[in-house]
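# A look at the structure
Residues per chain, in single letters:
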Amino acid sequence: MSTAAPEGGTAAISQAGAEVRLSGVNKWFGDHHVLRDINLTVKPGEVVVLLGPSGSGKSTLCRTINRLETIDSGSVQIDGAEIPAEGKALAELRSEVGMVFQSFNLFAHKSVLENVTMGPIKVRGKSKREARELAEALLKKVGVVNQADKLPAQLSGGQQQRVAIARSLAMRPRVMLFDEPTSALDPEMITEVLDTMASLAKEGMTMIVVTHEMGFAREAADRVVFLADGAVVEENTPEEFFTNPQSDRAKDFLGKILNH
């Protein structure tokens, strides 16, 4: 499947990436210290993959970046602006941060096209014509424009996830968060979603990705951040991380994953 942007369409749908900075971020669930003094800076256009064992805090960390999870201390900034705790300012900043979940979260009773045009019309104030043109370009970009009039239930899981990516991109985000976007998919559908994500990475989108797909981490990431017990244990280039892990936790993790 080709995931290249339609000819002449990239300028209309690409957006400059933003810097994400987490400083001293802590998060508790009751007595459980889920995130421990997280310091992480993701540069504009950088692709960072979060790896680690189950329960290491990867998804929670991802969700703090647009305040789907609140934090107990520290700060989260997008291009130097602190993410507000609530209200209209939070909604505005959240619209700069697209998120793709394990489950596709599409509106079941609306067509694919309607799913993608709703945000630009209601939040960005685009006309129906503008929103439709943008949606069609994005659906073409992710390879499902021929499914535009169908309901989500009529699509495969891989197609639904690509629609979810298009829907996020339609808001012209400057950061994209992916929380295990392929974990609910059948193996043969995983590649088409990862190909779409790799295409975005090449275009300079700032991306933070929680995934168990080691091939994607090796090929598409600029940097791998390894978490264990809620803390950043190690970070490095994919080449260095996979061939020469520095910590015992990372060595143990890779030994289990890569020899499975």
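Residues numbered from 1 in each chain as written. Predicted model: local features only at pLDDT ≥ 70, side-chain atom pairs only at ≥ 80, totals over all residues. Heavy atoms only, no water.

For the protein chain, an unreviewed UniProt entry supplies the name ABC-type polar-amino-acid transporter and the organism Rothia koreensis. The UniProt entry for the protein chain carries this comment under Subcellular location (unreviewed entry): "Cell membrane". As its UniProt record puts it under Sequence similarities (unreviewed entry), the protein chain is described as follows: "Belongs to the ABC transporter superfamily." (UniProt positions renumbered as here; feature names shortened; annotations may be inferred.)

## A look at the overall build of the protein chain
Counting its secondary structure elements, the protein chain contains ten helices and ten strands. Relative to a compact globule of 260 residues, whose C-alpha radius of gyration would be 18 Å, the protein chain shows 18 Å and is just as compact. With the C-alpha coordinates aligned to their principal axes, the bounding extent of the protein chain is approximately 55 × 45 × 30 Å. Within the span of the protein chain, comprising 260 residues, buried residues form 52% of the whole. Considering only contacts in the protein chain between residues 6 or more positions apart, those separated by 24 or more positions represent 67%. Carbon and sulfur atoms make up 48% of the accessible area of the protein chain, which totals about 11,800 Å². Averaged over its 29 positive side-chain charges, the protein chain has a centre that lies 6 Å from the centre of its 34 negative ones. (Helix = DSSP H or I, 4+ residues; strand = E, 2+ residues; numbered from the N terminus. Rg over C-alpha atoms; globule rule 2.2 N^0.38 Å. Buried < 20%, exposed > 50% of the residue type's maximum accessible area, 1.4 Å probe, protein only. Contact = heavy atoms within 4.5 Å. Areas by Shrake-Rupley, 256 points an atom, 1.4 Å probe, with all protein chains shown as cover. Lys, Arg positive; Asp, Glu negative; His and termini not counted. Charge placed at Lys NZ, Arg CZ, Asp CG, Glu CD.)

## Some thoughts on unusual backbone geometry
Located in the positive-phi region is Arg-67, a residue other than glycine, with phi close to 60°. Residue placement: Arg-67 occurs in the loop between helix H2 (58-64) and strand S4 (73-78). Phi at Arg-172 is positive, roughly 55°, even though this residue is not glycine.

## Things to note about the confidence of the model for the protein chain
Here the protein chain averages 89 in pLDDT, while 93% of its residues score no lower than 70. Here residues 1-13 scores under 50 on pLDDT; set against residues more than four positions off or in separate chains, the count is 25 contacts. (pLDDT = per-residue confidence, 0-100.)

## Thoughts on the nonpolar core
Grouped burial of nonpolar side chains is what soluble globular proteins tend to show. Counting residues in each nonpolar core, the largest one holds 49 residues, and the members touching the most others are Leu-51, Leu-139, Ile-165, Phe-178, Met-197 and Met-207. Excluding residues that lie within four positions of it along the chain, Leu-51 makes contacts with Lys-58, Thr-211, Met-214, Ala-217, Val-224, Val-225, Phe-226, Leu-227, Phe-241, Phe-242 and Phe-253. (Core = buried A, V, L, I, M, F, W, Y, C linked by side-chain atoms within 4.5 Å.)

## Side note on the packing of helix H6 (residues 157-169) against helix H7 (residues 187-202)
Following both chains from N to C, one finds H6 and H7 inclined at 20°, their axes separated by 8 Å at the closest point. Taken together, the axes of H6 and H7 lie roughly parallel to each other. The two elements H6 and H7 meet at a crossing, and its hand is right-handed. Contacts between H6 and H7 pair Gly-157, Gly-158, Gln-159, Gln-161, Arg-162, Ile-165 and Leu-169 from the former with Met-189, Glu-192, Val-193, Thr-196, Met-197 and Leu-200 from the latter. Tallied by class, residues from the contact of H6 with H7 come to six nonpolar, five polar and two charged. (Axes fitted to C-alpha atoms, helices over the stretch in contact; angles between N-to-C directions. Parallel < 35°, antiparallel > 145°, perpendicular 65-115°, else oblique. Left-handed = near helix turned anticlockwise from the far one by under 90°. Nonpolar A, V, L, I, M, F, W, Y, C, P; charged D, E, K, R; others polar.)

## Quick look at the UniProt feature "domain: ABC transporter" (unreviewed entry) in the protein chain
Taken from the UniProt record, the annotation "domain: ABC transporter" (unreviewed entry) applies to residues 20-254. Structurally, residues 20-254 is divided into 38% helix and 26% strand, and its ends, taken at the C-alpha atoms, are 27 Å apart.

## A short note on the sheet that holds S4
With antiparallel pairing, four strands are arranged side by side in an open sheet as S2-S1-S4-S5. The open sheet has two free edges, formed respectively by strand S2 (32-42) and strand S5 (81-82), since each of these has just one partner strand. Examined bridge by bridge, strand S1 (residues 20-29) and S2 share seven bridges and lie antiparallel to one another. Its bridge partner lying in S2, Phe-29 is registered against His-32. (Pairing = 2+ DSSP bridges.)

## What about the pattern of salt bridges?
Side chains that differ in charge, positive against negative, can pair when their charged atoms come close. Counted according to the given criterion, the structure contains 13 salt bridges. For Arg-249, the salt bridge is made with Asp-229, and the minimal N-O distance between the two is 2.8 Å. With Arg-249 in helix H10 (residues 248-258) and Asp-229 in the loop between strand S9 (223-228) and strand S10 (231-236), the pair connects residues that are 20 residues apart, well separated along the chain. A salt bridge links Lys-256 to Asp-252; the nearest nitrogen and oxygen atoms lie 3.3 Å apart. Of this pair, Lys-256 and Asp-252 both sit in helix H10, four residues apart, roughly one helical turn. By sharing partners, the salt bridges in this structure join Lys-27, Arg-63 and Glu-69 into a single network. (Salt bridge = Lys/Arg side-chain N within 4 Å of Asp/Glu carboxyl O.)

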